[in-house]
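Breakdown of the fold
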Amino acid sequence: MPAEIIDGKAFAETVRARVAGHVTQLRAEQGLTPGLAVVLVGEDPASQVYVRNKGIQTKESGMASFEHRLPAETPEAALLGLIGELNSDPAVHGILVQLPLPAHLNADLVINAIAPEKDVDGFHILNVGRLNTGQKSMVPCTPLGCLMLLRDRLGDLSGLNAVVLGRSNIVGKPMASLLLRDSCTVTVAHSRTRDLPDVCRNADILVAAVGRPRMVPGDWIKPGATVIDVGINRVPAPEKGEGKTRLVGDVDFDSAVEVAGAITPVPGGVGPMTIACLLANTLTACCRANGLPEPE
Ligand code: NDP
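All of these numbers come straight from a predicted model, not from anything done at the bench.

Side note on the overall build of the protein chain
In terms of regular secondary structure, the protein chain is built from 10 helices and 11 strands. Here the C-alpha radius of gyration of the protein chain, 19 Å, is about what a compact globule of 296 residues would show, namely 19 Å. Sequence-distant contacts, at least 24 apart, represent 67% of the contacts inside the protein chain between residues at least 6 apart.

What follows is the structure in structure tokens.
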């Protein structure tokens, strides 16, 4: 029987609606409007699309959206100056610096200049440390979205074998931390992993975050496993016309869907959850900044 298709788009809509409800309540009862500042340096086309979508969805949820678009040649000191201003602006509860940054900017330095309580991406070294030591933190949006989808489908994750394919700081490592926090037995696989197909075949939960189109075929998947495909890869799509492209994941959907118990599609799986979680994190940051209980 083919796998259940996990509808990340619909799930993300419910998350955004819940956030919007809390925002309305915050404004009515506390006179507060959560604010998210997004900083984009340079002209990277994919980043421009992400930033535009973030701005639209932030406003749709009733929050204030502040966009700062800086030229690619912006000096580091100027970017750090802007972050300093946003850190001390009481209307800004969340700050996101869109990655990747142009090569002359030190991304670690820039991210660690964001006030940790406003670091809605969860990439600041303090938030990374807090997540890994079980303390209250900001949780990176993409892994948080994956975790929500997994909990929704599987309930208690305790004792399940989870394989995270990829060890990046923005997806793989925080994903592994979250699954460990939920008492999974976690394996993190990467480009040096031996016998990768066998490692994957052991997974009750397989999270693929490699950035290689359709790398994971169906015969790497344990029958009935839950497969979360984080990959977003643009590939040629001659069937749509000359020069056309389309998005595919890191998992070969057509063969995986015959084996898995459930799987996220690309697009329409993890992608929409990322922005929904960004909005949820901004709401959380606003509540924490004002000493209010955190929304569920
Ligand atoms: P990175 O390039 O930072 O990391 C890729 C990871 O995959 C690395 O750990 C690398 O191993 C591993 N890897 C690469 N090739 C292989 C291989 N042949 N076998 C095993 N492991 C391999 O990518 P990101 O984590 O930033 O992103 C991963 C994917 O997720 C991308 O497609 C990206 O577009 C997508 N993404 C989607 C988001 C969303 O909102 N849905 C958000 C963020 C990312 P090693 O460390 O050994 O080099």
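What about the packing of helix α2 (residues 45–60) against helix α10 (residues 270–289)?
Where α2 meets α10, the axes come as close as 10 Å, and the angle between the chain directions of the two elements is 50°. One way to sum up the angle between α2 and α10 is to call them oblique. In the packing of α2 onto α10, the handedness of the crossing is right-handed. Contacts between α2 and α10 pair N53, K54, Q57 and T58 from the former with I275, L278 and L279 from the latter. Looking at the contact of α2 with α10 residue by residue, the classes come out as 3 nonpolar, 3 polar and 1 charged.

Considering the packing of helix α6 (residues 141–154) against helix α7 (residues 172–181)
Between α6 and α7, whose axes approach to 8 Å, the crossing angle comes to 40°. Our classification of the angle between α6 and α7 gives oblique. The two elements α6 and α7 meet at a crossing, and its hand is right-handed. Contacts between α6 and α7 involve P143, C146 and L147 on the former and, on the latter, P174, M175 and L178.

Some remarks on the sheet that holds strand β1 (residues 4–5)
Pairing is parallel across the open sheet formed by 6 strands, whose spatial order is β1-β11-β8-β7-β5-β6. Both outer strands of the open sheet, β1 and β6 (185–189), are each paired with one neighbouring strand and no more. Here 5 bridges tie strand β5 (residues 161–165) to β6, and the two strands are oriented parallel to one another. Of the residues in β6, the one forming a bridge with V163 is T187.

Description of the UniProt feature "binding site: NADP(+)" (unreviewed entry) in the protein chain
According to UniProt, the feature "binding site: NADP(+)" (unreviewed entry) maps to G166, R167, S168 and I232 in the numbering used here. Position of S168 among the secondary structure elements: in the loop between β5 and α7. Given 15 C-beta atoms within a 10 Å radius, S168 is considered partly exposed. With residues near it in sequence (within four places) discarded, S168 still touches K173 and A209. Of note, I232 is situated in the loop between β8 (226–229) and β9 (233–236). In this view, I232 contacts L247, V266 and G271; residues no more than four positions away in its chain are not counted.

Quick notes on the UniProt feature "domain: Tetrahydrofolate dehydrogenase/cyclohydrolase catalytic" (unreviewed entry) in the protein chain
Annotation from UniProt places "domain: Tetrahydrofolate dehydrogenase/cyclohydrolase catalytic" (unreviewed entry) at residues 6–121. Taken as a whole, residues 6–121 contains 50% helix and 16% strand, while its terminal C-alpha atoms sit 24 Å from one another.

Observations concerning the nonpolar core
Of all hydrophobic cores here, the largest spans 83 residues; its most connected members are V164, L165, L206 and V207. Sorting elements by how many residues they give to this core places α10 first, with 11 residues. Of the residues that make up this core, three or more belong to each of domain 1 (30–115) and domain 2 (141–271). Contact partners of L206, with chain neighbours within four places excluded, come to V163, L165, C200, I221, A225 and V227.

Calculation criteria
- Residues numbered from 1 in each chain as written.
- Predicted model: local features only at pLDDT ≥ 70, side-chain atom pairs only at ≥ 80, totals over all residues.
- Helix = DSSP H or I, 4+ residues; strand = E, 2+ residues; numbered from the N terminus.
- Rg over C-alpha atoms; globule rule 2.2 N^0.38 Å.
- Contact = placed C-beta atoms within 7 Å.
- Axes fitted to C-alpha atoms, helices over the stretch in contact; angles between N-to-C directions.
- Parallel < 35°, antiparallel > 145°, perpendicular 65-115°, else oblique.
- Left-handed = near helix turned anticlockwise from the far one by under 90°.
- Nonpolar A, V, L, I, M, F, W, Y, C, P; charged D, E, K, R; others polar.
- Pairing = 2+ DSSP bridges.
- UniProt positions renumbered as here; feature names shortened; annotations may be inferred.
- Buried ≥ 20, exposed ≤ 12 C-beta atoms within 10 Å, placed from the backbone.
- Core = buried A, V, L, I, M, F, W, Y, C linked by C-beta atoms within 7 Å.
- Domains from an automatic or database assignment.

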